Structures are given as C-alpha cells and as structure tokens.
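Coordinates in review
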Amino acid sequence: MRIWDLPPERLCRNHLLGEHRELHAIWSILTNSKKGYSRHPEVLRWKGRLKALYLRHQILVKEMGIRGYRHNSP
C-alpha cells in the first residue's frame, strides 16, 4: 500500500491509478473496521486523518480528469 506524497501531476499513469486504488482500500479498511491490512504502516499513518485522505483523493481525481480518465468510484 502506497500513497506517494508527491504532486499527482508528477506521477506516471501506473502510479496515479495505483495510488487511487490503494487510497480506496485504505478508506475502506478505516471506515468499515476491516481487519485485513489494518496494521499495515500505510494504513496506520492515515488512522484519524480521514479528512486528509479525502482531500488527497480529490486531488488525485482532479488529475485523473485532466488526463482524460473517468472516475466512477464513490
């Protein structure tokens, strides 16, 4: 699980889409109290910081739109 902490415009396609996918996984683990990966350092880093995680998501979605990708996930 990786959130790169770089401006999204600097990420290649694979890293941008991969970070978006993993961000959703982290969100799901934290908001649904899922056990899998709940002790992973990247998940623990975001515990109690859902607003920051949400804002990172918004930034990623904006960059995805700029590149012509459709964002269909809630």
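In what follows, the accompanying structure is described. Being a predicted model, the structure only gives us computed values, none of them experimental. (Residues numbered from 1 in each chain as written. Predicted model: local features only at pLDDT ≥ 70, side-chain atom pairs only at ≥ 80, totals over all residues. Heavy atoms only, no water.)

**Observations regarding the overall build of the protein chain**
Keep this limit in mind: Secondary structure follows DSSP: runs of H or I at least 4 residues long count as helices, runs of E at least 2 residues long count as strands, and numbering of each begins at the N terminus. When we talk radius of gyration, it's over C-alpha atoms, and the globule rule is simply 2.2 Å times the number of residues to the 0.38. Exposure categories follow from relative accessible area, calculated using a 1.4 Å probe and restricted to protein chains: below 20% of the type maximum is buried, above 50% is exposed, and the middle band is partly exposed. Every accessible area reported is derived by Shrake-Rupley at a probe size of 1.4 Å, with residue values counting cover from the shown protein chains alone. Charge counting treats Lys and Arg as positive and Asp and Glu as negative, with His and both chain ends excluded. The atoms used to mark charge sites are NZ of Lys, CZ of Arg, CG of Asp and CD of Glu.
Summing up its helical and strand segments, the protein chain has three helices and zero strands in all. Listed by position from the N terminus, the elements making up the protein chain come as α-α-α. Computed over C-alpha atoms, the radius of gyration of the protein chain comes to 12 Å, within 12% of the 11 Å expected from 2.2 N^0.38 for 74 residues, which places it in the range of a compact globule. Structurally, the protein chain occupies a C-alpha span of about 35 × 20 × 20 Å along its principal axes. Here the protein chain, with 74 residues, has 28% of them falling under the buried criterion. For the protein chain, the accessible area works out to roughly 5,200 Å², and carbon and sulfur atoms hold 54% of it. Put simply, the protein chain has 15 plus and 6 minus side-chain charges, and the middle of one group is 6 Å from the middle of the other.

**Observations concerning the pattern of salt bridges**
Applied cut-off: Take a side-chain nitrogen of Lys or Arg and a carboxyl oxygen of Asp or Glu: if they are within 4 Å of each other, that pair is a salt bridge.
Tallying each qualifying case throughout the model produces four salt bridges. Salt-bridge contacts for arginine 45 lead to glutamate 42; the nearest nitrogen and oxygen are separated by 2.6 Å. In this pair, arginine 45 and glutamate 42 both sit in helix H2 (residues 41–46), three residues apart, roughly one turn of the helix. We classify arginine 45 as partly exposed; its relative accessible area is 29%. The class for glutamate 42 is buried, based on a relative accessible area of 12%.

**A short note on helix H1 (residues 13–31)**
Working note: α-helix, 3.6 residues per turn, so residues spaced by three or four point in the same direction. Heads up, the rule is: Working rule for helices: expected span equals 1.5 Å times residues minus one. The contact criterion used throughout is that any non-hydrogen atoms of two residues lie within 4.5 Å.
The first and last C-alpha atoms of H1 sit 27 Å apart over 19 residues, in line with the 27 Å expected at 1.5 Å per residue. Looking only at H1, the buried set comprises Leu16, Gly18, Glu19, His20, Glu22, Leu23, Ile26, Ser28 and Ile29. Among the structural elements, H2 and helix H3 (50–66) are those in contact with the buried residues of H1. Remark: serine 33 follows H1 within two positions and exhibits a positive phi of approximately 50°.

**Focus on the nonpolar core**
Here is the rule we go by: Remark: nonpolar core denotes a set of buried residues (Ala, Val, Leu, Ile, Met, Phe, Trp, Tyr, Cys) joined through side-chain atoms within 4.5 Å.
One finds Ile3, Leu11, Leu16, Leu23, Ile26, Ile29, Val43, Trp46, Leu53, Leu60 and Met64 forming the largest nonpolar core, which totals eleven residues. Residue assignment for this core shows that the elements contributing at least two residues are H1, H2 and H3. Ranked by residues supplied to this core, first place goes to H1 with four residues. Once you skip the residues sitting within four places of it in the chain, leucine 11 turns out to touch Trp4, Leu6, Leu16, Glu19, Arg56, Leu60 and Arg67.

Note that every value here comes from positions in space, so none of it alone points to a role or purpose.
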